[in-house]
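Per-entry structural report
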Amino acid sequence: MNRRSFLKSATAASVASALPQRFALAAEAGWRTFETVTRVEIKDAFGTARAWVPLPLAMDTDWHKTIGNAWSGNARLAKIEHDGKYGVTMLHAEWSDKEMNPALEVTSRFMTRERNVDLSRAGSADLSVAERAFYTAPSELIPTDGVVLKTALEVTRGAKGDLEKSRAIYDWVVDNTFRDPKTRGCGVGDIKSLLESGNLGGKCADLNALYVGLSRAVGVPARDVYGIRVAPSRYGYKSLGTGSPNITKAQHCRAEFFARGRGWVPVDPADVRKVVLEEPPGNLPVQDEKVLAARKRLFGGWEMNWLAYNMGADVKLPNSKGPKLPYLMYVNAEADGEMRDQLEPDSLRYTITAREIIL
Amino acid sequence: MARVFFSIALAAVAFSAWCVELKPWEGGATPPLALDDLSGKRHDLAEYKGSVVLVNFWATWCEPCRAEMPSLERLRKSLQGKRFEVLAVNLAEPLSRIEKFVDGVPVSFPLLRDRDSTTSKAWKAKLLPASYVIGRDGRIHYVAYGELDWESAPVRAKVLELLQ
């Protein structure tokens, strides 16, 4: 049996299924299973070529579980690597200088479950002193002093406790920023420049980074969560889901803050601004019913038609000669020591597809 | 156009799919492995001491895992009569799915079920296919992450060396 017919029969065999014990329980508890396939090709690869593909969140949570990752291609090396500081997980592939057509395919399977934190109920969740310090520390593009601190203090004036401060920052970001469709990719997340310029336009990596920076500046632990949308929205938002199985340009970053007694709380002010700009017919007023509903839902809830990659910042790619990245949400590659443009899937030539696995 | 491009790219990959090598293991002691096969029979790696064992972590959704399965079978058959065993550990899939797969690709070695992924996590088999070659001393000697031609001369040489 040749490889093609073997694969064909094997694929057919794998289509029919019944519920395994673990998945049956997962399905009952509201878990959905997805598969993403990332295909990468580095064109005109002179010299040693390398690629770094973000992988699903390594840790299991009550809203995400990674089942596994598989790879194929002509790389001489492919291994999972982790950024030491934040635990960013990626597949690092390397090709010898003799390989002129580096190609790679990465398949990931994972499960997600809706996130809705009941903010009215307080428990005993807390962070250690070290964790609190970690999640209130600045990163290269998210400082917590200067204009960021000044803005954060103004925004949270009169607010008491993590929850009130977070709410005030959320409302301020939603009311004062806008989604700029001209921003490349998801934005860079340079919040100091954003605030200093007075032009508060950007995309998710800008607006949610602003949320994170303002939170950290007033001592509320917060973090960006980088990922990609994998399915249409079940809540009727065309702008907050995928339109086709091709999700190559569907990267999306979100944010979380930590409230004592509640734990990590999901938020997404950038998506409220996306609804304003993009939800048909477009340019909705902030008092539009759809905007108000999104604004309410996205403080404390995430629809999990989205895959979380990581929560890292200032990411140094292993073996790369390039500078640190503000975050890892895109496929990155280099050849002969030269980085390819991560924000241009067409120039780097990669596609990402997603499908839900119905068990 | 994108479809054409990737068809060409993946065809190139298919023709040169054997870039993965067995590499010396540097990951420390062999983790325990005791799992049931498809019929419910328990297989404990500790009981295989004295044999060379190839532990292969796989899933039906993993294309390179499916692709290399026949070569695993051929390697095992070619070493029949020697103290060589293959244990293929499936990553948390339904029994019916595994059975349908082996209906199309029959294998003579045990297919074990890691129902909750605990074993694959202990083995750090995060990237499939993940294969570990264990010597007669019970230690892991070689590892490969990715599809491997198990009948290739370099791979056979390493396995035969461990069998001596």
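Residues numbered from 1 in each chain as written. Chains lettered and ligands numbered in written order. Predicted model: local features only at pLDDT ≥ 70, side-chain atom pairs only at ≥ 80, totals over all residues. Heavy atoms only, no water.

**A short note on unusual backbone geometry**
Note the cis peptide between Pro280(A) and Pro281(A), where omega equals 5°. With respect to the helices and strands, Pro281(A) occurs in the loop between helix H8 (269–278) and helix H9 (289–297). Cis geometry is adopted by the peptide bond preceding Pro129(B), which originates at Leu128(B) and carries an omega value of -15°. Mapped onto the elements of the fold, Pro129(B) is located in the loop between strand S7 (127–128) and strand S8 (130–134). Positive phi values are uncommon outside glycine, yet Ala92(B) reaches one of about 50°. Mapped onto the elements, Ala92(B) comes out in the loop between strand S5 (84–91) and helix H3 (95–104). Of the residues examined, Ala92(B) reaches a relative accessible area of 2% and is grouped as buried. In this structure, Ser117(B) is a non-glycine residue whose phi angle is positive, near 65°. (Helix = DSSP H or I, 4+ residues; strand = E, 2+ residues; numbered from the N terminus. Buried < 20%, exposed > 50% of the residue type's maximum accessible area, 1.4 Å probe, protein only.)

**Some words on the pairing of strand S5 (residues 89–95) of chain A**
Residues and elements named next belong to chain A. Of all the 7 residues making up S5, 7 are buried; the element is thus mostly covered by neighbouring parts of the structure. With 6 bridges connecting them, strand S2 (residues 49–54) and S5 associate as antiparallel partners. Pairing of Ala 49 across the sheet is with Trp 95, part of S5. Bridge analysis of strand S4 (residues 77–82) against S5 gives 6 bridges, and the strand direction is antiparallel. Note on S5: the bridge partner recorded for Ile 80 is Leu 91. (Pairing = 2+ DSSP bridges.)

**Remarks on helix H7 (residues 204–217) of chain A**
Residues and elements named next belong to chain A. Along its 14 residues, H7 runs 19 Å from first to last C-alpha, staying within 8% of the 20 Å computed at 1.5 Å per residue. A large share of H7 lies buried, amounting to 14 of its 14 residues. Looking one or two residues past H7, Gly 219 carries a phi angle of roughly 85°, positive in sign. (Expected span 1.5 Å × (residues − 1).)

**Overview of the sheet that holds S2(A)**
The sheet built from 5 strands is open, its strands ordered S4-S5-S2-S15-S16 (chain A) with antiparallel pairing. Because the sheet does not close on itself, it has two edges, and the strands there are S4 and strand S16 (338–339) of chain A.

**Considerations on the confidence of the model for chain B**
Residue and element names in this part refer to chain B. Taken residue by residue, chain B gives an average pLDDT of 90. The fraction at 70 or more is 88%. Residue range residues 1–18 is modelled with pLDDT below 50. Its contacts to residues more than four positions away, or to other chains, number 24 contacts. Scored as a complex, the prediction yields pTM 0.88 and ipTM 0.83. (pLDDT = per-residue confidence, 0-100. Contact = heavy atoms within 4.5 Å.)

**A short note on the confidence of the model for chain A**
Here chain A averages 90 in pLDDT, while 91% of its residues score no lower than 70. pLDDT under 50 marks residues 1–20 of chain A. Its contacts with residues more than four places away, or in other chains, come to 36 contacts.

**Here we look at the environment of Pro280(A)**
Inspection of the secondary structure assignment puts Pro280(A) in the loop between H8 and H9. The spacing of Pro280(A) and Asp118(A) is 162 residues in sequence and 30 Å in space, taken between C-alpha atoms.

**Some remarks on the state of the cysteines**
Scanning all chains against the criterion turns up 1 disulfide over all chains. The disulfide partner of Cys62(B) is Cys65(B), and the gap between their sulfur atoms is 2.2 Å. With the S-S dihedral at roughly 80°, the linkage between Cys62(B) and Cys65(B) falls on the right-handed side. There is no split in this pair, since Cys62(B) and Cys65(B) are both buried. Just so you know, Cys253(A) is unpaired, no disulfide at all, and the nearest cysteine sulfur is the one on Cys204(A), 4.6 Å from it. Take Cys253(A): its relative accessible area is 0%, and that puts it in the buried class. (Disulfide = S-S within 2.5 Å.)

**Quick look at the pairing of strand S15 (residues 332–335) of chain A**
All names here are of chain A. Side-chain alternation along S15 places Asn 332 and Glu 334 on one buried face and Ala 333 and Ala 335 on a second face that is also buried. One ladder, built from 4 bridges, connects S2 with S15; its direction is antiparallel. Opposite Ala 49, over in S15, you have Ala 335 as the bridge partner. Sheet topology places S15 next to S16; 2 bridges connect them, and they run antiparallel. Counterpart to Glu 334 in the pairing with S16 is Met 339. Joining the antiparallel neighbours S15 and S16 is a turn of 2 residues, in which Asp 336 adopts a positive phi near 50°.

**Brief notes about the sheet that holds strand S6 (residues 103–112) of chain A**
Strand pairing in a sheet relies on backbone hydrogen bonds, with the paired strands running either antiparallel or parallel. Read across the open sheet, the 5 strands follow the order S17(A)-S1(A)-S6(A)-S3(A)-S7(B); overall the sheet is mixed. Single-partner strands in this sheet number two, and they are strand S17 (350–357) of chain A together with S7 of chain B. Alignment of strand S1 (residues 32–41) of chain A against S6(A), held across 10 bridges, turns out to be antiparallel. By the bridge assignment for S6(A), Val37(A) is matched with Thr107(A).

**What to know about the pattern of salt bridges**
All names here are of chain A. One pass over the full model with this rule turns up 31 salt bridges over all chains. A salt bridge links Arg 223 to Glu 256; the nearest nitrogen and oxygen atoms lie 2.6 Å apart. Of this pair, Arg 223 sits in strand S10 (residues 222–229) while Glu 256 sits in strand S11 (residues 251–259), and the two are 33 residues apart along the sequence. Glu 256 shares its class with Arg 223; the two are buried. (Salt bridge = Lys/Arg side-chain N within 4 Å of Asp/Glu carboxyl O.)

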